[in-house]
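Structural overview for review
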Amino acid sequence: MSSLEEFQQIHVCTQNTLYELVVINRCGDVHVRGGRYFPEWTEARFAGCTAGGSFLKRLAINLGLQMEFECDRRRIVTSPVRTIALLQKSPTAS
């Protein structure tokens, strides 16, 4: 995530859900939509990917690992990542 430009769009398909992300900055701030926690575009902090427990690969999306977001003081962990697609940059997340 830290190597992506602002407004880069990413589609991440997990075992259960398609997540759409738009990078706001290289610190992990994103707009995200997908799954039951993000039915509409929502501002969140992307923490990284985890295999469970205390392991966290900060600001990275990796196949087979679970994405971890922070939103409204909650930690949201997805099912394992199956595919990652970078899309063309978008001027907005709407």
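See the structure shown above.
Overview of the structure. For every chain, the first residue of the written sequence is number 1, and numbering continues from 1 along that sequence. This being a predicted model, a pLDDT of at least 70 is required before a residue's local features are given, and a value of 80 or more before pairs of side-chain atoms are given or counted; all residues contribute to the totals for chains, interfaces and linings. To obtain the side-chain values, all non-hydrogen atoms of the structure were included, while hydrogens and water were left out.

On to the side chain of Thr17. With respect to the helices and strands, the residue Thr17 is situated in the loop between strand 1 (9-14) and strand 2 (18-23). Contact criterion: two residues are considered in contact whenever any of their non-hydrogen atoms come within 4.5 Å of each other. The residues contacting Thr17, other than those within four sequence positions of it, are Val12, Gly34 and Gly35. Each helix corresponds to a stretch of at least 4 residues labelled H or I by DSSP, and each strand to a stretch of at least 2 residues labelled E; elements are numbered beginning at the N terminus.

The next subject is the environment of Val81. Examined against the element boundaries, Val81 turns out to sit in strand 7 (residues 74-87). Under the relative-accessibility criterion, Val81 is labelled buried at 1%. Each C-alpha atom, one on Val81 and one on Gln66, is 5.9 Å from the other, the two residues being 15 residues apart in sequence. Leaving out residues up to four positions away in the same chain, Val81 has contacts with Val12, Cys13, Thr14, Ile61, Asn62, Leu63, Gly64, Leu65 and Met67. Note on exposure labels: buried denotes an accessible area under 20% of the residue type's maximum, exposed denotes more than 50%, and partly exposed covers the range between, all computed with a 1.4 Å probe on protein chains only.

What we call a nonpolar core is a set of buried Ala, Val, Leu, Ile, Met, Phe, Trp, Tyr and Cys residues that are connected through their side-chain atoms within 4.5 Å. Counting 21 residues, the largest nonpolar core has Met1, Leu21, Ile61, Met67 and Phe69 as the members making the most contacts within it. Elements that contribute at least two residues to this core include exactly strand 1, strand 2, strand 3 (29-34), strand 4 (38-52), strand 6 (66-71) and strand 7. Here the element with the most residues in this core is strand 4; it accounts for four residues. In this view, Phe69 contacts Leu21, Val30, Val32, Phe38, Ala44, Arg45, Phe46, Ala47, Arg74, Arg75, Ile76 and Thr78; residues no more than four positions away in its chain are not counted.

This part takes up unusual backbone geometry. At Leu59, a position not held by glycine, the phi torsion is positive, near 55°. Residue position: Leu59 is located in the loop between strand 5 (55-58) and strand 6. One non-glycine residue, Asp72, lies in the positive phi region at around 50°. Summarising the element assignment, Asp72 is placed in the loop between strand 6 and strand 7.

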